[in-house]
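Next come the chains, spelled out residue by residue.
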Amino acid sequence: MNPSRSLRWLSSLIIPLVTVAAHAVTLSPASRSLLPGDKSTITVSRVRGAVTLANSNPSAVSASLTRGAINVSADAVGVATLSVTDSQGTKTATVTVSPPLGVSLANVSLLVGQSTALTVSNAIGSIRISNSNGTAVAATLSGNVVTVTGKSAGSAELTVRDTRSSVKVRVTVTAPTAPPPPPPPSSTDIHPGRLLASNCFQCHGTNGSGGFDRIQGSTEVLSELRKFASGEEDPTGIMAAHAVGYTDEQLQLIADYLSKL
Ligand code: HEC
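Computed from a predicted model, the values in this text were never measured in an experiment.

A. Quick look at the nonpolar core. Formed by 17 residues in total, the largest nonpolar core has its most connected members in Leu118, Val120, Val137, Val148, Val169 and Val171. Elements represented by at least two residues in this core include exactly strand 10 (107-111), strand 11 (115-121), strand 14 (145-150), strand 15 (154-161) and strand 16 (166-174). With residues near it in sequence (within four places) discarded, Val148 still touches Leu110, Gln114, Ser115, Thr116, Leu118, Val137, Ala138, Leu158 and Val171. With 16 residues, the next largest nonpolar core counts Val25, Leu34, Val84 and Val97 among its residues.

As structure tokens, this is what we get:
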């Protein structure tokens, strides 16, 4: 066999190999970037013979082969290599599921004049903000930090966008208020005779429980007090001096209060 003949023989082997390689199965696009929840397809063309699909990361990406395409759904953050093999060989496509755009708080409550900072995460490309109510809320962006300030009572919806998706933040602004005054004691809770009767307790013990005479729980108090007040009983004594200081209505209140203790 002379050298040129053997070369021709060799090239007759090589050329079909190159030709086969040129017609290998094709995946388009060869890489896809998705967010969780996205669905997409990768076109499969120039298939010869039986074709199979292998998925390196089924927890991140679900993939199924149909006629002429791989149906892809992004399930979780991660990277999957999808390999399609036919009689000619194997081609791969890479599917990357990136974390979705996030903002540190979905709901913000502020007082007028108060500010808070929100952090934007996983943005792809430039971040933009739109504000539904510039009268109530001011929102300014610096890097990936949004400073939100309450301007007046009201609410606003901020939409934070990157090149692929958006996230909403609800902001509620309230006017600062003075703490409410303590509720006045309900007049039904306190017997009107209580304060008047407290004058008695220095001599008759706590709640009239003793001292000179026990007057707590007594039903005789009113008649006694009236006798002291009128001078009918012991007109020069301590109780007479004390009882004349009250109106009869006050004596009734005191007696009623004491009778119920
Ligand atoms: C400064 C002391 C003093 C104060 C205050 C006082 N008492 Fe007396 N009280 C006495 C003394 C002492 C007696 C017994 C002597 C007497 O009968 O004068 C008495 C007697 C009484 C008696 C007669 C008791 C009995 O069993 O005979 C009644 C009823 C009474 N007090 C009710 C009151 C009431 C109600 C008040 C308040 C509004 C009051 N006292 C405030 C000193 C006081």
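B. How the structure looks around the side chain of Asp162. Locating Asp162 in the fold gives a position in the loop between strand 15 and strand 16. Among buried Asp, Glu, Lys and Arg side chains, Asp162 stands out as unpaired, with Arg164 the closest opposite charge at 5.3 Å. A polar contact is formed between the side chain of Asp162 and the backbone nitrogen of Ile124, at a distance of 2.8 Å. A distance of 2.8 Å separates a polar atom in the side chain of Asp162 from the backbone nitrogen of Ser165. Discounting residues that sit within four places of it in the chain, Asp162 has contacts with Leu101, Asn122, Ala123, Ile124, Ser126 and Arg128.

Cut-offs applied
Residues numbered from 1 in each chain as written. Predicted model: local features only at pLDDT ≥ 70, side-chain atom pairs only at ≥ 80, totals over all residues. Heavy atoms only, no water. Core = buried A, V, L, I, M, F, W, Y, C linked by side-chain atoms within 4.5 Å. Buried < 20%, exposed > 50% of the residue type's maximum accessible area, 1.4 Å probe, protein only. Helix = DSSP H or I, 4+ residues; strand = E, 2+ residues; numbered from the N terminus. Contact = heavy atoms within 4.5 Å. Lys, Arg positive; Asp, Glu negative; His and termini not counted. Salt bridge = Lys/Arg side-chain N within 4 Å of Asp/Glu carboxyl O. Polar contact = N/O pair within 3.5 Å; in protein donor to acceptor, adjacent residues only side chain to side chain.

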